[in-house]
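Secondary and tertiary structure notes
These are the residues of each chain, in order.
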Amino acid sequence: MRMTIPRFPSARSDQFTGKQPRSNGILLRSVIGLGVLVAVGLLAPFLGFADPLAPNLSAQLSPPSFEHLLGTDSLGRDILSRSVHAITVDLSLALIGVLCGAIIGAVLGATAAFGGRSADMVLPRFAESVQAFPQVLFGMALIAIAGGGVGSLIAIIAVVNVPVYLMMVRAAALPLRTADFTEAARGAGVPRLKIVVKYVLPNAMIPVFSQFPLSCTYSIQLIAGLSFIGVGVEPPTPEWGTMIKEGASYIVNGVWWPSVVPGLMLVLTTIALSSLSSGLRRTLLKQGTLG
Amino acid sequence: MSAPVLSVGGLRVRIGDREIVRGIQFDIHPGERVGIVGESGSGKSLTAHSVLRLLPRNAAIIDGSVMHGGRDLVTLNESELSSVRGQSVSMIFQNAAAALNPVLKIGRQVSDVIAVHTGGEGKAHIESAAREVLVGTGLADVDAVMNAYPHQLSGGMAQRVLIAMALSSKPELLIADEPTTGLDMSIQAQVLGLLRKRVESIGAALLLISHDIAVVGEICDRIAVMYAGRIVEIGASRDILQAPRHPYTKALLQCAGDSSVVLRGAMPTIDGEPPDLSRPIVGCSFADRCAISTELCRTTPPPQVPGTNDSLAECHHV
């Protein structure tokens, strides 16, 4: 026989507003939206799209038609195919970059919170100075020094995200340093490093979960922005920012599709990711676990 | 009599620049249950936390020794202390629900603590050991509790889990800092009963911190009464409860006395406030509030006057 343990409402739940907790529709919708996006992006090579890289000089800038559903660009490449193939390019660059930034930031944040007074002076100042520097300018400078390419882009995304997670994890970890359960763990003889890794970090990571998709949003925009000014993903790789730039000069002639279609993809992805972020935050808040 | 399991001598602890614990000493012998009572701010909790050096960041031990197992815990470094904490001296805390890691299931947390002290000898073995210590606390459905997260437990269940964890290593001494604060009366009695039973069954000594002299009297062999950072009276529980010698103990017992008078709005209180510990105290710290104080009390520190059964009272007028 299993007894169900009564769930006690936590202090952060809706008991103060008197509202019944609603099911989290925004979280569900954003997960479905992103799921479809990622699935289409991953399966793009197998879904019978035209070759995203093959130029067709007899069909340059042709408007949406049955043959090319969303038209072609100045080299006659299929816009739909390129926009869909770009999903994995943009998302994976952002994901890897933010992941690196979040891991480095979390480690540095924990170091700031637990590494003593000097670490807590130096690391937050470092974070602030990185944040004070314009991101696009920093990206251009790094690419000028280290050269373009995927590696540089990931490094840029990682570096601009480190301060966010450093400050976030530090702020969440500071009160946990003296929380009852970390003191209890110390009192039970749990070694210091294990307390940080098992007791403090998992609890300090909770706000990170809702921040993560939001950082991906900003990062995709940064990637597209850098690509737009020509220092990001290099042609002919399909990427939204590059595509928008390539089509931009034809818009005045009424040829809208080469820019607008990848632009819309960028907007849709941004909406899906930021909805995921706020859905996660609401869910975590409801459970009273978000610090 | 065998060597004490804990011997505190001349302990002085400060928070910021205020000296909160002002030179106290007491011994706890194997299997003995000692209670420290006192009002808020008397330094009783700080005393308990000083034993394992689990002090707030702005607190420090100024002077004194805490002898345990032939070593002075005050001088040990953190890693040496880790081998004492939870091993031969365990501690449980006021707010049981907050003393559990919110992101780990109960079974996992209990297993973790057992693994720390046994050096990890097989996962299945540790899990069955965890189950065993939880069964020992009389929790109704141990399987469900092991799979629950801390926020799913009631305060009483959480405190039972903490007691199980603290005693899993069969320590020589358990320090319990107001273990029943925040629990309702009937659960308080259950938890205290459990505490006493479990401590007795493994032969551990107990240091119980409480503001409730009746609770301490029920469970402990000896009582130490703290006031403004000093132990003003220490002795066998029966002696303290039935024949208190220090005026503060007498006043405390009067306040705790008859709960029916509360309803008539005539609850006895001790007038005045504890002294300001940021300034040095000349004479007796209780003098300003004491009914029988004289000029001598305000100018000269009171002597420790021995009584029957190794008791001491710190007063000019006993």
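In what follows, the accompanying structure is described. (Residues numbered from 1 in each chain as written. Chains lettered and ligands numbered in written order. Predicted model: local features only at pLDDT ≥ 70, side-chain atom pairs only at ≥ 80, totals over all residues. Heavy atoms only, no water.)

Now for the overall build of chain A. Of the regular secondary structure elements, chain A holds 10 helices and 0 strands. Listed N to C, the secondary structure of chain A is α-α-α-α-α-α-α-α-α-α in terms of helices and strands. Across its three principal directions, the C-alpha atoms of chain A cover 75 × 55 × 35 Å. When each of the 291 residues of chain A is scored for burial, the buried share is 45%. Sequence-distant contacts, at least 24 apart, represent 70% of the contacts inside chain A between residues at least 6 apart. Across chain A, the mean location of the 20 positive side-chain charges is 18 Å away from that of the 13 negative side-chain charges. (Helix = DSSP H or I, 4+ residues; strand = E, 2+ residues; numbered from the N terminus. Buried < 20%, exposed > 50% of the residue type's maximum accessible area, 1.4 Å probe, protein only. Contact = heavy atoms within 4.5 Å. Lys, Arg positive; Asp, Glu negative; His and termini not counted. Charge placed at Lys NZ, Arg CZ, Asp CG, Glu CD.)

When the parts come together, some accessible area is lost, and that loss is often what is quoted as the size of the interface. Tallying the contact residues gives 33 residues for chain B and 25 residues for chain A. Each partner contributes to the roughly 2,500 Å² buried at the junction of chain B and chain A, and carbon and sulfur atoms together form 56% of this total. The shortest N-O distance in the salt bridge between Asp112 of chain B and Lys198 of chain A comes to 2.7 Å. Counting across the interface, chain B meets chain A through 7 residue pairs in polar contact (both at pLDDT 80 or more). When contributions to the side of chain B that touches chain A are tallied by element, the ones reaching two or more residues are helix H2 (78-82), helix H3 (106-118) and helix H5 (142-146) of chain B. (Buried area = accessible area lost by both parts, 1.4 Å probe. Salt bridge = Lys/Arg side-chain N within 4 Å of Asp/Glu carboxyl O. Polar contact = N/O pair within 3.5 Å; in protein donor to acceptor, adjacent residues only side chain to side chain.)

Next up on the list: the state of the cysteines. Here the structure, examined in full by the defined rule, presents 0 disulfides over all chains. You can see Cys100 of chain A has no disulfide; the closest cysteine sulfur is in Cys216 of chain A, sitting 12 Å from it. Using a relative accessible area of 31% as the deciding quantity, one classes Cys100 of chain A as partly exposed. Counting only cysteine sulfurs, Cys297 of chain B is the nearest neighbor of Cys284 of chain B, a cysteine outside any disulfide, at a range of 5.9 Å. Residue classification places Cys284 of chain B among the buried positions, given a relative accessible area of 14%. (Disulfide = S-S within 2.5 Å.)

This part covers a nonpolar patch on the surface. All names here are of chain A. Taken together, the side chains of Phe133, Val136, Leu137, Met140, Phe228 and Ile229 present a nonpolar region at the surface, about 520 Å² in accessible area. The element contributing the most residues to the nonpolar patch is helix H4 (residues 135-146), with 3 residues. Positionally, Phe228 belongs in helix H8 (residues 206-228). On the basis of relative accessible area, Phe228 is assigned to the partly exposed category, the value being 37%. (Patch = residues over 30% accessible without salt bridge, like charges linked within 9 Å, V, L, I, M, F, W, Y side chains within 5 Å. Areas by Shrake-Rupley, 256 points an atom, 1.4 Å probe, with all protein chains shown as cover.)

The next subject is the nonpolar core. Nonpolar side chains tend to gather and get buried jointly when the protein is soluble and globular. Core analysis: the largest hydrophobic core is formed by 154 residues, its most contacted members being Phe26 and Val161 of chain B. Take this core: its biggest share by element is 12 residues, from helix H2 (residues 79-114) of chain A. Among residues more than four places away in sequence, those in contact with Phe26 of chain B are Leu6, Ser7, Val8, Ile36, Thr47, Leu207, Ile231 and Ile234 of chain B. Judged by nonpolar contacts, the second largest core, of 6 residues, contains Ala119, Leu123, Ala127 and Val162 of chain A. (Core = buried A, V, L, I, M, F, W, Y, C linked by side-chain atoms within 4.5 Å.)

Let us look at the packing of aromatic side chains. Residue and element names in this part refer to chain B. Counted according to the given criterion, the structure contains 4 aromatic pairs over all chains. Seen in terms of ring centroids, Tyr227 and Tyr248 are 4.6 Å apart; in terms of plane orientation they differ by 50°. Their pairing is tilted. In this pair, Tyr227 is assigned in strand E9 (residues 222-227) and Tyr248 in helix H10 (residues 247-256), connecting sequence segments 21 residues apart. In this structure Tyr227 comes out as buried when scored by relative accessible area, which is 1%. (Phe/Tyr/Trp six-rings, centres within 6.5 Å; stacked < 30°, edge-to-face > 60°.)

Our focus in this paragraph is the sheet that holds strand E10 (residues 230-236) of chain B. Residues and elements named next belong to chain B. The sheet built from 8 strands is open, its strands ordered E6-E7-E8-E3-E9-E10-E12-E11 with mixed pairing. The sheet is open, and its two edges are formed by strand E6 (89-92) and strand E11 (304-306), each paired on a single side. Mean inter-strand twist for the sheet, computed between neighbouring axes without regard to direction, equals 20°. (Pairing = 2+ DSSP bridges. Axes fitted to C-alpha atoms, helices over the stretch in contact; angles between N-to-C directions.)

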